[in-house]
Amino acid sequence: MVMTIKSRSLTALTVFMLGLATFEQPANADSKQVLIYGRGGDSVSLDPAKETDGESLNVCDNIFDTLVQFKDGTTEIEPALAQSWEVSSDGLRYTFRLRPNVSFHDGTPMNAEAVVYSLMRQHDPKHEAYKYAQVWSYWQDMGMDKLVSAIDAVDDKTVRMTLRTPSAPFLANLAMSFASVVSPTAVRKFKAEFARNPVGTGPFKFVSWTKNEKIVLDANKGFWAGQPKLARVIFRAYPDAATRLNAFLAKEIHMMNLPTPDQVNTIRQKRPEAKITEEPAMNVAYLAFNTGKGPFSNPKVRRALNMAVNKEAIIKGVYAGMGIPAVNPIPPSLWGYNSSITAYQFNQTKARQLLAEAGYPNGFESELYFPPVSRPYMPDAKRVAEAIQADFKSVGVKVQLTTHEWAVYLDKTKKGEHPMALLGWTGDNGDPDNFLSVLLSGDNAKAPASNIAFYDNAKVTQILRDAQKVTVQKKRAEMYKQAQQLIHQDAPWIPLAHSRVAMPMDPRVQGFILQPNGSRRFFKVSLNAK
Amino acid sequence: MFARQALRRFAQSVPVLLFLTLLLFWALKLIPGDIALVMAGERATPERVAYIRASLRLDDPWWVQYGLYLKRLVLEGDLGHSLFHDQAISNLFATAIPATVELASAALLIAIPVGLFLGVVSAVARRTWWDRVASFISLTGVSMPIFWLALLLMWFFSLNLGWLPTSGRLSDEVVFDSATDSLFRMYTVDGIWLGVTGGGWDVFLSALRYLTLPAIALSTIPMAHICRMTRSAMLDVLQQDYIRTARAKGVPQFKVVLKHAARNAALPVVTVLFLQAGALFGGAVITETMFAWPGLGKLLVESISSRDFPMVQSGTLFVGAVFVLFNLLGDLTVGWLDPRTKQGRSGGGAN
């Protein structure tokens, strides 16, 4: 009797499953020009001036435009909502002429007033929309609050921005997402809720957002640069990386954001027809010595340890080949990169000699902090730390590995509690200043510091300060090259790697280009017929 | 009578819940790192951190922050404003809670019948092959890590057989915008509503397909607990004299089990069942993460790691209240099933 109940329920279960299965095949993300993009998390909000995380900005970049933008696949500036611009000879006044006949998705005209509104809401605490964000992150972060003295509408199609000091990276800053032009009408209507009802001029317009599930954008047929080929883009959130991989293998999504190196290999085996584009990312992963602590205050020790680490092995083993060994603090794709510097050769005998010269013939003991999370510049920090631990051990330096929860980790490293720490940086605006000043200027070496090596070379700091004020790029490039030379000699870091970013795609996806700043643009993307 | 009892029990739990929020608030203040750092990440320059802290009023003394939170909660019924998401917590709850309720209900719909069935079978057929199989299933159910089970289910049903989708809640093929068209924020319920009102059954069927794997994964632990409790309770009862008497009278086996034994064995099972339900309705972090199911569990865990105080507070309050509620329901059901406790109560005694 028991038997019959059991087998009957088994039959029922099978019938149920089969019934579900035959009703429709697994969501083949195929119909028409609808592209489904699978990513690791949901957006925080869709106001490009409020957020700093990739998942928010990747969506915003398709809804909004900026005055100037990065040319596809590069960090060069090209016209966008501004057709042209002039810079006064003292470098203090920028005059932008706006593209005519551009409308926001709500039908209102994009004009000088809208540009002023979009930027002043972040700049002026008395502006009516200033209070709609808790934090105008990037405006502050890029120093725009201190740099900009006025933003005026000269006429309906002309905007003038006045700076307090000349600033070389200013134009590149305006190409970043936070400088997007938003519809003032929509901001007035939605107030703080604009962040969930974004209205811009971009190639796609916002349709709907189901929190932690998906965001739907439809083509803006009146887009000023032409009509997008896709009818719809859906951003789906898959918080677990393994699930995201399964969704891609099951053909539920067309693109899979940020796969780990191991997952790329799995995709090559299990879905060999998938296209995988790879690009060097604008980032750097590094080991920072706390130059104020113990043996690490001695440059000889730092140089010795630079020779002790086998970067090639780390890139092969941990990055699965998706990266290149770093020589300098900035990636080679950036202008101003000093290619005449040769890296410290991997040579453990020489490293031991140098350590002996520095007064540590028997090595010493120390601690290495590593981040608890996977970052684009370092997919698996623990394994990187273990590799370094082994390398250091063979030159006599015994290292204990330590990690903390991400918030705690950032807190402790900023306060300088670490003897050595692993961290990295992703560039924002394609300007070397955005790496070198933030990470290695003496101005940022006071706790809580972004220069977690607490490296303070007065000469380097002065060069970096001066370079911000020069507007001739060629001259700036020379200055940054000089700074890199000095940094190389002082060796406050072991520059480890510049990672490559991979994007696995369904073979039907056409026209997608990875951008150096991590932006995801769908304007020129289309889906081939099956 | 029941209503008054229930109200009193619930009122008693209010100070406990508030004390819980205070304890959490204090504990969160003890651990280092704050939301300003989480928001700024690698980019946390000193000015930036100071600016964010000032904007979020994190520099106020903790008791001021807590007092403000409590005042709004008690006087205005306002659950507060999430610092990390920069939106009303009630808005975030409005989508997360129905998602959790839908998943938890589905899991219980699987766990209860399967758990009871396996438990009864293994008790009746003790020390047989059936018993061993049931014990094996329940042991695996408690001990198998959910993330692994989830991957296994996806691998088998989605990648190999192609029967069910890996994750998510609804197909993008269905003409139904979950952000605007959903009345209940539970797509199976929305689907039934649409079907009944003549809108077709495709939303329901799609939602059901997406619900199946996460519900199976989530059901394993409660199912195992129910099964083991049922087995031991049944074994206990089956050895009682009155069962032997019933058997001696010639009552057929299934009648002995289902009529005479089951009701007496039900009491501890019901208690376990409500405890499990209470835990499920508080959200399931791993299942939600693995199956990209936007429920409450993940929201709350994220709020802890991002140091989003108001969110942690209100989340804890909610989860605590749900747990208290289910405990209460469990006690009431036991009282209703067991005439002895009913008598005891009306006689004024404590249970």
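Residues numbered from 1 in each chain as written. Chains lettered and ligands numbered in written order. Predicted model: local features only at pLDDT ≥ 70, side-chain atom pairs only at ≥ 80, totals over all residues.

**Brief notes about the overall build of chain B**
The helix and strand inventory of chain B stands at 15 helices and two strands. Dimensions of chain B, computed from C-alpha atoms along their principal axes, come out at roughly 85 × 60 × 40 Å. Relative to its full complement of 351 residues, chain B shows a buried share of 44%. Taking contacts inside chain B between residues at least 6 apart in sequence as the whole, the part at least 24 apart equals 70%. (Helix = DSSP H or I, 4+ residues; strand = E, 2+ residues; numbered from the N terminus. Buried ≥ 20, exposed ≤ 12 C-beta atoms within 10 Å, placed from the backbone. Contact = placed C-beta atoms within 7 Å.)

**Things to note about the overall build of chain A**
Along its length, chain A carries 17 helices and 20 strands. For 530 residues, the compact-globule estimate of 2.2 N^0.38 gives 24 Å, and chain A sits close to it at 26 Å. C-alpha atoms of chain A, sized along the principal axes, occupy 85 × 75 × 35 Å. A burial count over chain A gives 53% of its 530 residues as buried. A fraction of 70% describes how many contacts in chain A between residues 6 or more apart in sequence connect residues 24 or more apart. (Rg over C-alpha atoms; globule rule 2.2 N^0.38 Å.)

**Describing the nonpolar core**
If you look at soluble globular proteins, the nonpolar side chains tend to sit buried side by side. Counting 248 residues, the largest nonpolar core has A288 and L422 of chain A as its most contacted members. Every residue in contact with A288 of chain A, bar those within four places of it in the chain, is listed here: M420, A421, L423, I452, A453, P492 and W493 of chain A. (Core = buried A, V, L, I, M, F, W, Y, C linked by C-beta atoms within 7 Å.)

**Some points on the interface of chain B and chain A**
Quite often, the size of an interface is put as the accessible area lost when its parts meet. Chain B puts 57 residues into the contact, and the matching count from chain A is 53 residues. Secondary-structure elements contributing two or more residues to the side of chain B that touches chain A are α2 (35-40), α3 (46-55), α5 (89-124), α7 (146-160), α9 (202-238), α12 (285-290) and α13 (296-305) of chain B. In terms of residues, the side of chain B that touches chain A owes the most to one element, α3 of chain B, which gives seven residues. Classifying every residue of the side of chain B that touches chain A by side-chain character gives 27 nonpolar, 17 polar and 13 charged. (Nonpolar A, V, L, I, M, F, W, Y, C, P; charged D, E, K, R; others polar.)

**With respect to helix α15 (residues 433-440) of chain A**
All names here are of chain A. Burial analysis of α15 places eight of its eight residues in the buried class, the great majority of the element. For α15, every residue scored as buried is listed here: D433, N434, F435, L436, S437, V438, L439 and L440. For α15, the elements touching its buried residues are β13 (283-289), β17 (420-426), α16 (458-467) and α17 (473-490).

**What to know about the environment of A114 of chain A**
Residue and element names in this part refer to chain A. The residue A114 is located in helix α3 (residues 112-123) in this model. For A114, a count of 24 C-beta atoms within 10 Å gives the class buried. Filtering out sequence-adjacent residues up to four positions away, A114 remains in contact with V181, S183 and P184.

**Focus: the sheet that holds strand β4 (residues 82-87) of chain A**
All names here are of chain A. An order of β4-β5-β7-β6 is seen for the four strands of this open sheet, with the pairing classed as antiparallel. Of all the strands in the sheet, the pair left with one neighbour each is β4 and β6 (148-155). For this sheet, the mean angle separating the axes of adjacent strands, direction not counted, is 20°. For strand β5 (residues 93-98) and strand β7 (residues 158-163), the ladder comprises five bridges, and the chain directions are antiparallel. Residue pairing across strands places T95 opposite R160, the latter belonging to β7. Of the strands in this sheet, β5, β6 and β7 are in contact with α3, which crosses β6 at around 165°. (Pairing = 2+ DSSP bridges. Axes fitted to C-alpha atoms, helices over the stretch in contact; angles between N-to-C directions.)

**Things to note about the confidence of the model for chain B**
Here chain B shows a mean pLDDT of 85. Residues at 70 or above account for 95%. Here residues 343-351 of chain B is modelled with pLDDT under 50, and outside its nearest four sequence neighbours on either side it reaches five contacts, counting other chains as well. (pLDDT = per-residue confidence, 0-100.)

**A few points about the confidence of the model for chain A**
Reading predicted coordinates in detail is not appropriate for stretches of low pLDDT. Residue and element names in this part refer to chain A. Counting all residues, the mean pLDDT for chain A is 91, and 94% of those residues have values of 70 or more. Counting contacts from residues 1-6, a segment whose pLDDT is below 50, to residues more than four positions away or on other chains yields four contacts. In this model, residues 23-30 is a region of pLDDT below 50 whose contacts with residues beyond four sequence positions or in other chains number 21 contacts.

**A short note on the environment of A207 of chain B**
Residues and elements named next belong to chain B. Position of A207 relative to the elements: it lies in helix α9. Overall, A207 belongs to the buried group, with 24 C-beta atoms counted inside 10 Å. Remark: the alpha-carbon pair of A207 and D190, spanning 17 residues in sequence, is separated by 9.1 Å. If near-sequence neighbours (up to four positions away) are discounted, A207 is found in contact with R169, L170, Y187, T188 and G191.

**Examining the packing of helix α6 (residues 129-143) of chain B against α9 of chain B**
Residue and element names in this part refer to chain B. With their axes 7 Å apart at the nearest point, α6 and α9 run at an angle of 135° to one another. Taken together, the axes of α6 and α9 are oblique relative to one another. As α6 packs across α9, the resulting crossing turns out to be left-handed. Here α6 contributes A134, S138, G141 and V142 to the contact with α9, which in turn contributes T220, I221, M223, A224, C227 and R228. Tallied by class, the residues present in the contact of α6 with α9 amount to six nonpolar, three polar and one charged. (Parallel < 35°, antiparallel > 145°, perpendicular 65-115°, else oblique. Left-handed = near helix turned anticlockwise from the far one by under 90°.)

**A closer look at the pairing of β17 of chain A**
Residue and element names in this part refer to chain A. With respect to burial, β17 is a largely interior element, seven of its seven residues being buried. Here β17 shows a buried face lined by M420, L422, G424 and T426 and a second buried face lined by A421, L423 and W425. Looking at chain direction, β13 and β17 are connected through seven bridges and run antiparallel. Bridge pairing in β17 places L287 opposite L422. Strand direction decides the pairing type here: strand β15 (residues 365-369) and β17, joined by two bridges, are parallel. In the strand pairing of β17, Y369 is matched with A421.

**Remarks on the packing of helix α10 (residues 241-248) of chain B against helix α11 (residues 253-281) of chain B**
All names here are of chain B. Direction vectors running N to C along α10 and α11 enclose 145°, while the axes themselves pass 11 Å from each other. For the pair α10 and α11, the crossing hand works out as right-handed. Seen from α10, the contacting residues are Y242, I243, A246 and R247; seen from α11, they are V256, H260 and A261.

**Quick word on α17 of chain A**
Residue and element names in this part refer to chain A. The end-to-end C-alpha distance of α17, which contains 18 residues, comes to 26 Å, matching closely the 26 Å that a straight helix rising 1.5 Å per residue would cover. Within α17, the full set of buried residues consists of R476, Y480, A483, Q484, I487 and H488. An end-on view of α17 places all buried positions within 140° of arc, on one side of the element. Facing away from the buried side of α17 by over 90 degrees, the exposed positions are K474, K475 and Q489. (Expected span 1.5 Å × (residues − 1). Arc of directions from axis to C-beta.)

**Description of the environment of D65 of chain A**
All names here are of chain A. Among the secondary structure elements, D65 is positioned in the loop between α2 (54-63) and β2 (68-70). Using a count of 24 C-beta atoms within 10 Å as the deciding quantity, one classes D65 as buried. When the C-alpha positions of D65 and A241 are compared, they lie 31 Å apart, and in sequence the two are 176 residues distant. Beyond its immediate sequence surroundings of up to four residues, D65 is in contact with A80, L81, S180, V181, G200, T201 and G202.

**Some thoughts on unusual backbone geometry**
Residues and elements named next belong to chain B. A positive phi angle is found at R185, which is not glycine, with a value near 60°. By the element assignment, R185 lies in the loop between α7 and α8 (187-196). The backbone of A292 sits at a positive phi, close to 50°, despite the residue not being glycine. Of note, A292 is situated in the loop between α12 and α13. A292 sits in the buried class, given 26 other C-beta atoms within 10 Å.

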